[in-house]
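Commentary on secondary and tertiary structure
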Amino acid sequence: MSRPPGDAPRPRRTPPAGGRPSASGGGRSAEPPRRRVGEPRRADGAAARPARPRAASAGHREVAPPRPSARPARRPAPPRRPAPSGPRTIRLADPRRRLRLVTVCLLLVFAVFAGRLVQLQLLDSDALAAAAGANKYVRVSLPAERGSITAADGTVLATSVDAYDITADPTMFTPEATHLPDAPEQAAALLAPILGQPKEKLAEKLHLNSKNPKSQYALLMARQTPEAKNQIADLRSSLTKQADTAACRAQLLLLKKPADKGGRQFVDPGCANPLSGIFWDQSTRRSYPAGGLGANLVGFVNAEGTGTGGLELQYQQQLAGQDGHSTYAASGGRRVATAGGARQDPVPGTDLRLTVDPDVQWAAQRAITDQVANAGAEKGYVIVQDVRTGQVLAMATSPGFDPNDLASARADQLGNAALQDAYEPGSTAKLMTMAAVLDTGKANWDTHVEVPNTLQRADRVFHDDIDHETWYLTLAGVLAKSSNIGTIEAAEHLGATQAESNKVLADYLDRFGIGKPSGLGFPGETRGILAKPEDWNGSQQYTIPFGQGLSVNALQATSVFSTIANGGVRVAPSLLAGTTGPDGKFTPAAAGARNRVVSEQTAKTLTEMLESVVTDEQGTGNTAKIPGYRVAGKTGTANRVDPKTGKYSGYTASFIGFAPADQPRVTVSCVIQDPVNGHFGGQLCGPVFKQVMEFTLKTLQVPPSGSEAPNLPVDWKP
């Protein structure tokens, strides 16, 4: 029914309690009215809304609102309504809870930082400071220059020169890096003639190995000469220029693109440089400008430059000096110039000046080398000594070696046999027996000695080198003819009993330095073998007087004759004339210790007796004569103990003498071991003595003798 125009709208009726449907029959639950902001709440919970006034209409009766009861009825819970389709109202959270959470998190973070700060500043401060210094600063060693070794006249025998270690990076020789299928083999073929190494060995070093597949360092050859380094540098540069062409660059550009199956994988050989991975590091190496001259004395160094033999080993600490170091700050592998640093300069090694005369050394080496070859001997050695100072002017060994080429030398050639071999001296030792007899006054040079062909002593029968009828010799004749039997008879007069004679002889042997170090301190030097006199067995007490049953080295035997030449005073041998320190100041070596062994008169008598060995027709040393000079000397021929078996095998031939006999200046000794072509000392070593002595006297400008030899009688008639 339509509402008449002009009528006012009818007020909406409030649904009854209980949520009953409206009279209109829409089937929807009545919604409670919403309360506006500021509007008072009704007792039943609904917002009180003022009634709109309505205009009265015809037929409509106005209903008055019900009165509220004294106790309002309990309103039932409204039914659950669906979520509104419109935007929801978002309420602000409580800020105090969020503030408390943030505060707690901040406190935890600050607590962690505070604990870490305490650990760094207090607990671990020292360790961290040390670690920081170690990581920040780089320490580089500055090697000291090794001292040189020179002869008496300044001739350089050993020195240090610039050298280069030839190295390689194997990772730069792979097919991927070089675009060559056989880069190591090509590089090895180019380097082999320069380095003097087999190309197969070099190629093996250039290949990456399974043990270290990422190795970027390989040492091809150490301590190469600047000439070798320059050859490699020029060759590498030439190959680089050859590969730097437009055509080669085009090939390399194509290789950088993905290749189809079966496409080009390698460049032409002329477009690649197989030496691009070769480098060199500067170092030093030991050089011996004189080659094998004096090598048995000078010695050698090992691959690390450390003395390993001879004087290089003996004076290693002085020659090596003190390495320095440089410390600087680094970051990212680069030096920080503004961070400062420290430097300690190396201290160069001390230079050694020897007593060796290079000319005399050369003459001695040539003479002994030739005679060892002629005699088919195992080895031999020559020593030249100044009788007044004890200085060694030459010490030569054959066979020798070249310290510049150690790879070509045998192990038994690297030592110094003149000091390291202990051998039975034979008849040259008879000089000490005669010195004891003369110095104790038991006999004189002209004492008559009857020498039978054989002599029975203890459990042995002794004889001389040759069969003979009974000889009637003077004591000088016993020495001149080198009679073993005559020497035994003379030594028996040293004491009332054989035991006393042994003690007297042993005392003189000790004075001459037998069985004791020579004083050189040379590495590997033997002190010889000399038993105590109470330990001499039945035959030994008779063989020691003529040089069997005891052992010496060549310098000990030489020193015995120098002692007689020096008037009976022994001067300890020496090899070092002095040293030059890093400050350039030369300091002479201390003079050798001196001690008197026999009286001056005994020494003079023995000198004249030794002259008879050389000048008399019956003497065994006629081959040692030198025109214009009086020569005193003694031959030696002894049974040789084979060091491999410990049994006698072969001979030791020797000759030791000094000149001029009237004013002695130089002693020369020659020893040849295990000769095949002859075995007598006068036959093999007499000529060597003469050759070396003549050269030495002329080199030192020693004037000829001003008098004739006394020519003491060697025999007498019964």
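Residues numbered from 1 in each chain as written. Predicted model: local features only at pLDDT ≥ 70, side-chain atom pairs only at ≥ 80, totals over all residues. Heavy atoms only, no water.

**A short note on the overall build of the chain**
We count it as follows: The secondary structure listing takes helices from DSSP runs of H or I that are at least 4 residues long and strands from runs of E that are at least 2 residues long, numbered from the N terminus. Buried residues are those whose accessible area, probed at 1.4 Å on protein chains only, stays under 20% of the maximum for their type, while exposed residues exceed 50% and partly exposed ones sit between those limits. Only heavy atoms matter for contacts: two residues are in contact if any of them lie within 4.5 Å across the pair. Every accessible area reported is derived by Shrake-Rupley at a probe size of 1.4 Å, with residue values counting cover from the shown protein chains alone.
Each helix and strand counted, the chain has 20 helices and 24 strands in total. With 718 residues in all, the chain has 42% of them scored as buried. Taking all contacts inside the chain whose residues are at least 6 apart in sequence as the whole, residues at least 24 apart take part in 72%. If you sum the accessible surface of the chain, you get close to 40400 Å²; carbon and sulfur atoms cover 52% of it.

**Let's talk about helix 1 (residues 95–123)**
Put simply, the test is: Here the expected length of a helix is defined as 1.5 Å per residue gap, with one fewer gap than residues.
Its 29 residues place the ends of helix 1 41 Å apart at the C-alpha level, agreeing with the 42 Å of an ideal helix rising 1.5 Å per residue. Of all 29 residues that make up helix 1, zero are buried, and the element is exposed over most of its length.

**Let's talk about the nonpolar core**
Counted only if it meets this: In plain words, nonpolar cores are sets of buried Ala, Val, Leu, Ile, Met, Phe, Trp, Tyr and Cys residues tied together by side-chain atoms within 4.5 Å. Each domain's extent is set by a domain assignment, obtained either automatically or from a database.
By size, the foremost hydrophobic cluster in this structure holds 88 residues, and its most contacted members are Leu 475 and Phe 512. Shared between two domains, this core holds at least three residues of each, these being domain 1 (136–155 + 290–354) and domain 3 (362–400 + 417–574 + 592–700). Ala 375, Ala 396, Met 693 and Val 702 belong to the second-largest nonpolar core, a separate cluster that totals 32 residues.

**Digging into the pairing of strand 13 (residues 392–398)**
Threshold: In short, DSSP must find at least two bridges between two strands for them to pair.
Counting buried residues in strand 13 gives seven out of seven residues, a clear majority hidden from the surface. Where strand 12 (residues 379–386) hands over to strand 13, the hairpin turn is made up of five residues, of which Gly 390 adopts a positive phi near 80 degrees.

**Observations regarding the side chain of Asn 553**
Stated precisely, the cut-off is as follows: Counted as a polar contact is a pair of N or O atoms within 3.5 Å, where, for protein atoms, one must be capable of donating a hydrogen and the other of accepting one, and residues adjacent in sequence contribute only when both atoms are in side chains.
By secondary structure assignment, the location of Asn 553 is in the loop between helix 17 (540–543) and helix 18 (554–565). Given a relative accessible area of 0%, Asn 553 falls into the buried group. Polar side-chain contacts of Asn 553 include one of 3.1 Å to the backbone nitrogen of Leu 555. When neighbours within four sequence positions are excluded, Asn 553 is seen to be in contact with Ala 418, Leu 419, Asp 421, Tyr 423, Glu 525 and Thr 526.

**Here we look at the confidence of the model for the chain**
Stated formally: Confidence of the prediction at every residue is given by pLDDT, a number between 0 and 100.
The pLDDT averaged across the chain works out to 84; a share of 79% of its residues lies at or above 70. Within the chain, strand 9 (residues 334–335) has the poorest average pLDDT of any element, 57, and strand 24 (residues 666–673) the best, 98. Low confidence marks residues 43–48, where pLDDT is under 50. Its contacts with residues over four positions away, or in another chain, come to 13 contacts. Considering only residues more than four positions removed or in separate chains, one finds that residues 53–63, a stretch of pLDDT under 50, has eight contacts.

**Structural notes on the state of the cysteines**
Formally: By convention in this document, the label disulfide applies to cysteine sulfur atom pairs within 2.5 Å.
Tallied over the full model, the rule gives one disulfide. The disulfide partner of Cys 670 is Cys 685, and the gap between their sulfur atoms is 2.4 Å. Between Cys 670 and Cys 685, the disulfide has an S-S torsion of -65 degrees and is therefore left-handed. Highlighted residues: Cys 670 in strand 24 and Cys 685 in helix 20 (residues 681–699), separated in sequence by 15 residues. Per residue, the accessibility class of Cys 670 equals that of Cys 685, and both read buried.

**Details of the environment of Leu 293**
Tracing the sequence through the fold places Leu 293 in the loop between strand 5 (278–287) and helix 8 (295–298). Relative accessible area serves as the criterion here: at 16%, Leu 293 is assigned to the buried category. Residues Leu 293 and Trp 362, 69 residues apart in the sequence, show an inter-C-alpha distance of 6.6 Å.

**A look at the packing of aromatic side chains**
Keep this limit in mind: By convention, a stacked pair of Phe, Tyr or Trp rings (six-membered ring in the case of Trp) has centres within 6.5 Å and planes under 30 degrees apart, an edge-to-face pair has planes over 60 apart, and any other such pair is tilted. We count a charge as sitting over a ring when the NZ of a lysine or the CZ of an arginine lies within 6 Å of the ring centre and within 35 degrees of the ring normal.
Following the criterion strictly, the structure yields seven aromatic pairs and no others. These aromatic residues form a ring-pair network of at least three members: Phe 462, Tyr 542 and Phe 546. Taking the ring centre of Phe 586 as reference, the NZ or CZ of Arg 353 above it sits at 4.3 Å. Arg 511 extends its terminal NZ or CZ atom over the ring of Tyr 508, reaching a point 4.4 Å from the ring centre.

**As for the pattern of salt bridges**
Where charged atoms from two side chains of opposite charge approach closely, those side chains can pair. The following threshold applies: We define a salt bridge as a contact between a side-chain nitrogen of Lys or Arg and a carboxyl oxygen of Asp or Glu at a distance within 4 Å.
On inspection of all chains with the given rule, the structure shows 13 salt bridges. Asp 412 is paired through a salt bridge with Arg 410; the nearest N and O atoms lie 3.1 Å apart. For Asp 412, a relative accessible area of 59% corresponds to the exposed category. Residue Arg 410 is classed as partly exposed on the basis of its relative accessible area, which comes to 46%. A salt bridge links Arg 457 to Glu 492; the shortest N-O distance between them is 2.6 Å.

**A look at the packing of helix 11 (residues 358–375) against helix 20**
Stated precisely, the cut-off is as follows: Only the contacting stretch of a helix is used when fitting its axis, a line to C-alpha atoms as for every element, and angles between N-to-C directions run 0 to 180 degrees. Angles are sorted into four bins: roughly parallel if under 35 degrees, roughly antiparallel if over 145, roughly perpendicular if 65 to 115, and oblique for all others. Left-handed is the label given to a crossing in which the near helix is rotated counterclockwise from the far helix by less than a right angle, and right-handed is the label when the rotation is clockwise. Three residue categories are used. Nonpolar comprises Ala, Val, Leu, Ile, Met, Phe, Trp, Tyr, Cys and Pro, charged comprises Asp, Glu, Lys and Arg, and polar comprises the others, including Gly.
Running from N to C, helix 11 and helix 20 point in directions that differ by 165 degrees, and their axes come no closer than 10 Å. Relative to helix 20, helix 11 is oriented roughly antiparallel. Judged by the twist between their axes, the crossing of helix 11 over helix 20 is right-handed. Contacts between helix 11 and helix 20 involve Asp 359, Val 360, Trp 362, Ala 363, Ala 364, Arg 366, Ala 367, Gln 371 and Ala 375 on the former and, on the latter, Gln 683, Leu 684, Val 688, Gln 691, Val 692, Phe 695, Thr 696 and Thr 699. Residue composition of the contact of helix 11 with helix 20, by class: 10 nonpolar, five polar and two charged.

**Some details on the sheet that holds strand 24**
A sheet is described by the order of its strands in space; here five strands give the open sequence 13-12-24-23-22, paired in antiparallel fashion. Pairing within the sheet leaves two strands with one partner each, and these edge strands are strand 13 and strand 22 (632–641). The average angle at which neighbouring strand axes cross in this sheet is 10 degrees, direction not considered. Where strand 23 (residues 648–659) and strand 24 come together, eight bridges link them in antiparallel fashion. Looking across to strand 24, one finds that Gly 657 is bridged to Val 668.

**Comments concerning the packing of helix 13 (residues 430–439) against helix 19 (residues 600–615)**
At a minimum axis distance of 10 Å, the contact between helix 13 and helix 19 shows a crossing angle of 135 degrees. It follows from the interaxial angle that helix 13 and helix 19 lie oblique. By crossing handedness, the relation of helix 13 to helix 19 is classed as right-handed. Within the contact between the two elements, helix 13 uses Leu 431, Met 434, Ala 435, Leu 438 and Asp 439 and helix 19 uses Thr 602, Thr 605, Leu 606, Met 609 and Leu 610.

**Here we look at the UniProt feature "transmembrane region" (unreviewed entry) in the chain**
For clarity, the threshold we go by: UniProt positions are given in the numbering used here, feature names are shortened, and annotations may be inferred rather than shown by experiment.
Per the UniProt entry, the sites bearing "transmembrane region" (unreviewed entry) are residues 99–118 in this numbering. End C-alpha atoms of residues 99–118 are separated by 29 Å, and the span's content is 100% helix alongside 0% strand.

**Details of a nonpolar patch on the surface**
Quick note on the threshold: Here, patches come from residues exposed beyond 30% relative accessible area and free of salt bridges, joined within 9 Å for like charges and within 5 Å for nonpolar side chains (Val, Leu, Ile, Met, Phe, Trp, Tyr).
On the surface, Val 102, Leu 106 and Phe 110 cluster together into a nonpolar patch covering about 300 Å² of accessible area. Looking at the element boundaries, Val 102 is found in helix 1. Taking relative accessible area as the criterion, Val 102 reaches 43% and is therefore assigned partly exposed.

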